[in-house]
Amino acid sequence: MVPLWLQAGGWGLLAGAALLIGAAAAYTIRVPTRAIAGIMAFGSGVLISAVAFELMDEAFRRGGFLSAAGGFMGGALVFTLCTLWLNRTGARHRKRSRGQPSEPEHSGSGLAIAVGALLDGIPESMVIGVSLLEGGNVSLAAVVAIFISNLPEGLSSSAGMKRAGRSAGYIFGVWGGIAVLSGLAAIAGNLLLDGASPALIAGTTTVAAGAILAMLVDTMIPEAFESARDFAGLITVAGFLVSFALSKVLA
């Protein structure tokens, strides 16, 4: 029998590996900006659905409204404060397929972009580890939703990094490191909250949910709308519907 914490790490690593797949696509082929924007819109819809049905609804069922609401707002606040700092250090456009600063243009921006990508990915991975605490089965809908949303994130960010002149070693080093840390974050979520009260688990889950939703509005949705424009809403709704269907089929 594989220990739950090891299962959590494997699922987290799998979801994080989508970042590397997206990066490889951006580095090896020229993906049109409108196509990247469409994929970002789809990924945004997927994550919005996951936040609503896999995270918030489950947290409310476990710990009630106060735990869910407190964690949700807290996660959004922490993400926003961290983003304000990152924006001042050169990571404002870390998910953009164009417009990222090069290191000569903004010293320290490379590190800031890497930290920003880590900030975006860790909350999602912890959710995977927490999902194993009830019944010993991972939320496949959450894993699939995070995997699908990570593809456009790795694609768009890596396209921007490449245009800013960053090396292949830097690009794949960032996403490879984050994939590994995603697995570790899933393990941490599983081990640290094992035996915790339902209210604490609910609050932790919604901290991640709040951070994810704030990230979507701050980074992914603006990137999607800039190029997809008239079709951004339709594509986002399609992503939401796919994720919602998966949550029902894989429940």
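Residues numbered from 1 in each chain as written. Predicted model: local features only at pLDDT ≥ 70, side-chain atom pairs only at ≥ 80, totals over all residues. Heavy atoms only, no water.

Applying the stated criterion across every chain, the model contains 2 salt bridges. Between E58 and R61 there is a salt bridge whose closest N-O contact spans 2.4 Å. Taken together, the positions of E58 and R61, both in helix α2 (residues 33–88) and 3 residues apart, correspond to about one turn of that helix. Put simply, R62 and E58 hold a salt bridge, and the shortest N to O gap is 3.4 Å. With R62 and E58 both in helix α2 and 4 residues apart, this pair spans about one turn of that helix. Residue classification places E58 among the partly exposed positions, given a relative accessible area of 26%. (Salt bridge = Lys/Arg side-chain N within 4 Å of Asp/Glu carboxyl O. Helix = DSSP H or I, 4+ residues; strand = E, 2+ residues; numbered from the N terminus. Buried < 20%, exposed > 50% of the residue type's maximum accessible area, 1.4 Å probe, protein only.)

Right, let's talk about the UniProt feature "transmembrane region" (unreviewed entry) in the protein for a bit. UniProt annotation of "transmembrane region" (unreviewed entry) refers to residues 35–53, 65–86, 126–148, 169–193, 199–219 and 231–250 when read in the numbering used here. Annotation note: span residues 199–219, helix share 100%, strand share 0%, distance between end C-alpha atoms 30 Å. Within residues 231–250, the helical portion is 90% and the strand portion 0%, while the C-alpha atoms at the span's ends are 28 Å from each other. (UniProt positions renumbered as here; feature names shortened; annotations may be inferred.)

Moving on, we come to a nonpolar patch on the surface. Judged by side-chain polarity, V2, W5, L6 and L191 come together as a nonpolar surface patch covering roughly 360 Å² of accessible area. Mapped onto the fold, L191 is located in helix α5 (residues 168–192). (Patch = residues over 30% accessible without salt bridge, like charges linked within 9 Å, V, L, I, M, F, W, Y side chains within 5 Å. Areas by Shrake-Rupley, 256 points an atom, 1.4 Å probe, with all protein chains shown as cover.)

This paragraph deals with the packing of helix α4 (residues 140–163) against helix α7 (residues 232–249). Running from amino to carboxyl end, α4 crosses α7 at an angle of 155 degrees, the nearest separation of the two axes being 9 Å. Between α4 and α7, the angle falls in the class roughly antiparallel. Once α4 is placed against α7, the crossing between them reads as right-handed. Of the residues in α7, those touching α4 at A141, V144, A145 and I148 are S243, L246 and S247. Tallied by class, residues from the contact of α4 with α7 come to 5 nonpolar, 2 polar and no charged. (Axes fitted to C-alpha atoms, helices over the stretch in contact; angles between N-to-C directions. Parallel < 35°, antiparallel > 145°, perpendicular 65-115°, else oblique. Left-handed = near helix turned anticlockwise from the far one by under 90°. Contact = heavy atoms within 4.5 Å. Nonpolar A, V, L, I, M, F, W, Y, C, P; charged D, E, K, R; others polar.)

Before going further, it helps to examine the nonpolar core. Of all hydrophobic cores here, the largest spans 22 residues; its most connected members are I36, L47, V51, L55, I212 and M220. With 9 residues, the single largest contributor to this core is helix α6 (residues 198–228). Excluding residues that lie within four positions of it along the chain, V51 makes contacts with M56, F72, A209 and I212. Of all hydrophobic cores here, the second largest spans 8 residues; its members include L132, V138, V143 and A186. (Core = buried A, V, L, I, M, F, W, Y, C linked by side-chain atoms within 4.5 Å.)

Glancing now at α2. Counted at 1.5 Å a residue, the expected span for α2 with its 56 residues is 82 Å, but the 26 Å between its end C-alpha atoms falls short. Maximal helix bending in α2 amounts to about 125 degrees, located at G64. (Expected span 1.5 Å × (residues − 1). Bend = angle between axes of the 7 residues up to and from the residue.)

Tallied over the full model, the rule gives 3 aromatic pairs. For the pair F53 and F240, a centre-to-centre distance of 5.9 Å together with 70 degrees between the ring planes defines the contact as edge-to-face. Here F53, found in helix α2, pairs with F240, found in helix α7; they are 187 residues apart in sequence, far enough to count as distant. Three or more aromatic residues joined by ring pairs make a cluster, and in this case those are F53, F240 and F244. The ring of Y27 carries K162 above its face, with NZ or CZ at 5.0 Å from the centroid. One Lys or Arg, R166, reaches over the ring of Y170 and ends 5.3 Å from the middle of that ring. (Phe/Tyr/Trp six-rings, centres within 6.5 Å; stacked < 30°, edge-to-face > 60°. Lys NZ or Arg CZ within 6 Å of the ring centre and 35° of its normal.)

This next bit is on helix α1 (residues 4–28). For α1, built from 25 residues, the straight-helix expectation of 36 Å at 1.5 Å per residue is met to within 8% by its first-to-last C-alpha distance of 36 Å. Among all positions in α1, only A8, G9, G12, A15, G16, A18, L19, G22, A23 and A26 are buried.

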